[in-house]
Amino acid sequence: QIAIMHQELVERRRWLSERRFLHALNYCMVLPGPEAQQLATYIGWLMHRSWGGVVAGALFVLPSLLILIVLSWVYIAFGDVPLVAGLFYGIKPAVTAIVLQAAHRIGSRALKNNVLWAIAGASFVAIFALNVPFPAIVLGAAAIGYIGGRVAPKYFSAGGGHGKTGAGYGRALIDDDTPPPAHARFAWPRLVGVFAVGAVLWIVPMGLLTAGLGWDHTLTQMAWFFTKAALLTFGGAYAVLPYVYQGAVGHYGWLTPTQMIDGLALGETTPGPLIMVVAFAGFIGGYVKAFYGPDSLFLAGAVAACLVTWFTFLPSFLFILAGGPLVESTHGEIRLTAPLTAITAAVVGVVLNLALFFGYHVLWPEGLSGRFDSIAALIAVGAAVALLRFRVGVIPVIGACAVIGLALSFVR
């Protein structure tokens, strides 16, 4: 998505220069939340004030939300149909390989020395063997980075991932030397106003849910849970998935481990940010809890999906609209802090644990005491080789695995 935006906005349309694009991207990288959606919001805000940011960010999310609501309903209502079941049988092993590839991709960029490798290993042990909550791992890594950045800063300067390319595409509408527009200049009243509006947009729906339905109602708990999830997505969508499965699967029981894997498969194969898998989790949770009665299951799922999306993405808009003027006032590289470097290292261990979690449920669908699914293992290995060795794209791999699963369903 970021590459497409770069090609369209920097190279073809020349709306902004390479340096200004990367300047915005570096800021989005240090924020919790989906960096591609935040980058779209930032560019919309920079060009057309707050409403431009809201429109750009919302339209980045809305199509995938609508698509996932429909696909989630098809999945939960018709998932037992042999045709659909066969497709997902082939896709699930591919998802395991995709998450493994994500751990490799993040790790190759983030783990630049033995200290960061040690943090990644410790986070893996913490979540795999000790079942430490994901927020505690993030906070612990941040504390290590904060201290380490002062005691041994050379080990915690390994951020980055998006550097300057120095490419030139001609003059841009917003070029390197273009001064920030009036709305992009920092002012305390504007900052306070943005936070006030953001607080109202969170407090009002949260207050209505609590007062009208009660704190323990499914919708209220979803709103609270996914607000926390939105603030913990350092490292992208793959970083928040372990937190979602710990809470949505393990604690609340909104969906099963198998459904979580299937949801990630849907998220990987639909347009929009991968973090939209939270909409799938919300839909399934609302559908299963049936809080509007057995005759309104789709309505319950759709309302839950929309609610989850609202509380997941609201902080992203707030970060951009509040922090954008501060970023524009610097016109320099946004440096990843030592705590963020440590958090990114910890994310590698957490995502590796997620790959094992998915692999366990795919290869031993009946538990370790049950049968080992050798066919699923072969599909997973083939997908991993295609992704890691031959660098085949995610969509072709998922498509090929889906076809294999469909063929196997006919053979059986």
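My aim in this report is to walk through the structure given alongside it, one point at a time. Note that the coordinates shown come from a computational prediction; the quantities given were computed from them, not determined experimentally.

## A short note on helix 7 (residues 188-213)
Part 1: For helix 7, spanning 26 residues, the distance from its first C-alpha to its last is 37 Å, which sits close to the expected 38 Å at 1.5 Å a residue.
Part 2: Each element contacted by the buried residues of helix 7 is listed here: helix 8 (218-230) and helix 12 (297-328).
Part 3: Gly 214 lies just past helix 7 and shows a positive phi near 100 degrees.

## Describing the nonpolar core
Part 1: Formed by 100 residues in total, the largest nonpolar core has its most connected members in Val 99, Phe 226, Leu 255 and Phe 358.
Part 2: Not counting residues up to four positions away in its chain, the partners in contact with Val 99 are Tyr 238, Leu 264, Val 351, Leu 354, Ala 355 and Phe 358.
Part 3: One finds Leu 9, Leu 25, Ile 43 and Leu 46 within the second-largest nonpolar core, a separate group that totals 28 residues.

## Description of empty space enclosed by the protein
Part 1: Inspection of every chain in the model, using the stated rule, returns one cavity of 30 Å³ or more.
Part 2: The volume enclosed by the largest cavity comes to roughly 40 Å³.
Part 3: Lining the largest cavity are Phe 186, Ala 187, Arg 190, Leu 191, Val 194, Leu 321, Ala 322 and Pro 325.
Part 4: Put simply, the parts of the chain that give the lining of the largest cavity at least two residues each are helix 7 and helix 12.

## A closer look at the packing of helix 8 against helix 11 (residues 277-289)
Part 1: For the pair helix 8 and helix 11, the least separation of the axes is 11 Å and the interaxial angle reads 160 degrees. As the angle between them shows, helix 8 and helix 11 are arranged roughly antiparallel. Every pair of crossing elements has a handedness; the one defined by helix 8 and helix 11 is right-handed. Contacts between helix 8 and helix 11 pair Thr 218, Met 222 and Phe 226 from the former with Val 278, Ala 281, Gly 282, Gly 285, Gly 286 and Lys 289 from the latter.

## Thoughts on the packing of helix 1 (residues 2-12) against helix 3 (residues 35-78)
Part 1: At a minimum axis separation of 9 Å, helix 1 and helix 3 run at an interaxial angle of 35 degrees. For the pair helix 1 and helix 3, the contacting residues are Ile 2, Met 5 and Leu 9 in the first and Glu 35, Ala 36, Leu 39, Ala 40, Ile 43 and Phe 60 in the second.
Part 2: Here the contact of helix 1 with helix 3 is built from residues that sort into eight nonpolar, no polar and one charged.

## Looking at a nonpolar patch on the surface
Part 1: Together, Val 70, Trp 73, Val 74, Phe 78, Val 81, Leu 83, Phe 298 and Phe 410 line one region of the surface with nonpolar side chains, adding up to about 720 Å² of accessible area.
Part 2: If one sorts the elements of the nonpolar patch by residue count, helix 3 sits on top with four residues.
Part 3: As for its placement among the helices and strands, Val 70 is situated in helix 3.
Part 4: Given the relative accessible area of 46%, Val 70 is considered partly exposed.

Calculation notes
- Residues numbered from 1 in each chain as written.
- Predicted model: local features only at pLDDT ≥ 70, side-chain atom pairs only at ≥ 80, totals over all residues.
- Heavy atoms only, no water.
- Helix = DSSP H or I, 4+ residues; strand = E, 2+ residues; numbered from the N terminus.
- Expected span 1.5 Å × (residues − 1).
- Contact = heavy atoms within 4.5 Å.
- Core = buried A, V, L, I, M, F, W, Y, C linked by side-chain atoms within 4.5 Å.
- Buried < 20%, exposed > 50% of the residue type's maximum accessible area, 1.4 Å probe, protein only.
- 1 Å grid on protein atoms, 1.4 Å probe; cavity = no way out; pocket = protein on both sides within 12 Å on 5 of 7 lines; lining within 4 Å.
- Points joined across faces, edges and corners; volume = space filled by probe spheres on them.
- Axes fitted to C-alpha atoms, helices over the stretch in contact; angles between N-to-C directions.
- Parallel < 35°, antiparallel > 145°, perpendicular 65-115°, else oblique.
- Left-handed = near helix turned anticlockwise from the far one by under 90°.
- Nonpolar A, V, L, I, M, F, W, Y, C, P; charged D, E, K, R; others polar.
- Patch = residues over 30% accessible without salt bridge, like charges linked within 9 Å, V, L, I, M, F, W, Y side chains within 5 Å.
- Areas by Shrake-Rupley, 256 points an atom, 1.4 Å probe, with all protein chains shown as cover.
- Salt bridge = Lys/Arg side-chain N within 4 Å of Asp/Glu carboxyl O.

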